[in-house]
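Below are the chains, spelled out letter by letter.
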Amino acid sequence: MRPDWLDDVTSGDEIRAWLTAVWDRTEAAVILAGGEDGGPLAERRVLGEVFDPADLAELRALSTTGTFLDDRCRCHGSLTIALLDTDAEFIGSGSCHGRSDVSWASFGNNLQVDRPERLLGFLERYGAYRR
């Protein structure tokens, strides 16, 4: 029997379709302080900015390739990857959870990324998790 809380979980296929549409429009990404409880994206501290097309492609691969858990983390996450279009408008975001999961747009279905150590390294290069 399917638990009731799973009714709020968006399927991995639906999220992948959304990710494809949003990333195809992405011209830049910013790494922002705070997770889902960090307040409006535009008001957060910017930890890093990604403009280079090769780096954007790397971030896309690292943050969207993995297995959807059909579950959501109950914490708010530690930081946010926010995507911007050609008008510098926010078009999507995902919060990082436990340094191995990304929760995209509060769909209620965490993505456990395939290469968490590479994603962590990428985010560190762009100012996240500085010691």
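Structure shown above.
Residues numbered from 1 in each chain as written. Predicted model: local features only at pLDDT ≥ 70, side-chain atom pairs only at ≥ 80, totals over all residues. Heavy atoms only, no water.

**A closer look at the overall build of the protein chain**
A count of helical and extended segments in the protein chain gives 3 helices and 7 strands. When its helices and strands are written in sequence order, the protein chain yields α-β-β-α-β-β-β-β-β-α. Taking 131 residues into account, the globule formula puts the C-alpha radius of gyration at 14 Å, and the protein chain, at 14 Å, falls close to it. Counting all 131 residues of the protein chain, 45% fall into the buried class. Of the contacts formed within the protein chain by residues at least 6 apart in sequence, a portion of 66% connects residues at least 24 apart. Roughly 7000 Å² of accessible area belongs to the protein chain as shown, and the carbon and sulfur atoms make up 48% of that amount. On the protein chain, the mean spot of the 14 positive side-chain charges and the mean spot of the 23 negative ones are 6 Å from each other. (Helix = DSSP H or I, 4+ residues; strand = E, 2+ residues; numbered from the N terminus. Rg over C-alpha atoms; globule rule 2.2 N^0.38 Å. Buried < 20%, exposed > 50% of the residue type's maximum accessible area, 1.4 Å probe, protein only. Contact = heavy atoms within 4.5 Å. Areas by Shrake-Rupley, 256 points an atom, 1.4 Å probe, with all protein chains shown as cover. Lys, Arg positive; Asp, Glu negative; His and termini not counted. Charge placed at Lys NZ, Arg CZ, Asp CG, Glu CD.)

**As for the packing of aromatic side chains**
Applying the stated criterion to the full structure yields 4 aromatic pairs. Ring geometry for Trp18 and Phe107: centres 5.2 Å apart, planes at 75 degrees, overall edge-to-face. Here Trp18, found in helix 1 (residues 12–25), pairs with Phe107, found in the loop between strand 6 (101–104) and strand 7 (111–113); they are 89 residues apart in sequence, far enough to count as distant. Judged by centre distance (6.3 Å) and plane angle (80 degrees), the rings of Trp23 and Trp104 are edge-to-face. Here the residue Trp23 occupies a position in helix 1, and Trp104 occupies one in strand 6, the gap between them amounting to 81 residues. We note that Trp23, like Trp104, is buried. (Phe/Tyr/Trp six-rings, centres within 6.5 Å; stacked < 30°, edge-to-face > 60°.)

**A short note on the packing of helix 1 against helix 2 (residues 53–64)**
Think of two packed helices as two axes; the pair is described by the angle between the axes and how far apart they sit. Relative orientation of the contacting elements helix 1 and helix 2 amounts to 170 degrees, with a least axis distance of 12 Å. The angle between helix 1 and helix 2 places the two elements in the roughly antiparallel class. Residue-level contacts link Arg16, Leu19, Thr20, Trp23 and Asp24 of helix 1 to Leu56, Leu59, Arg60, Ser63 and Thr64 of helix 2. By residue class, the composition of the contact of helix 1 with helix 2 is 4 nonpolar, 3 polar and 3 charged. (Axes fitted to C-alpha atoms, helices over the stretch in contact; angles between N-to-C directions. Parallel < 35°, antiparallel > 145°, perpendicular 65-115°, else oblique. Nonpolar A, V, L, I, M, F, W, Y, C, P; charged D, E, K, R; others polar.)

These values are about where atoms sit, not about what they do.
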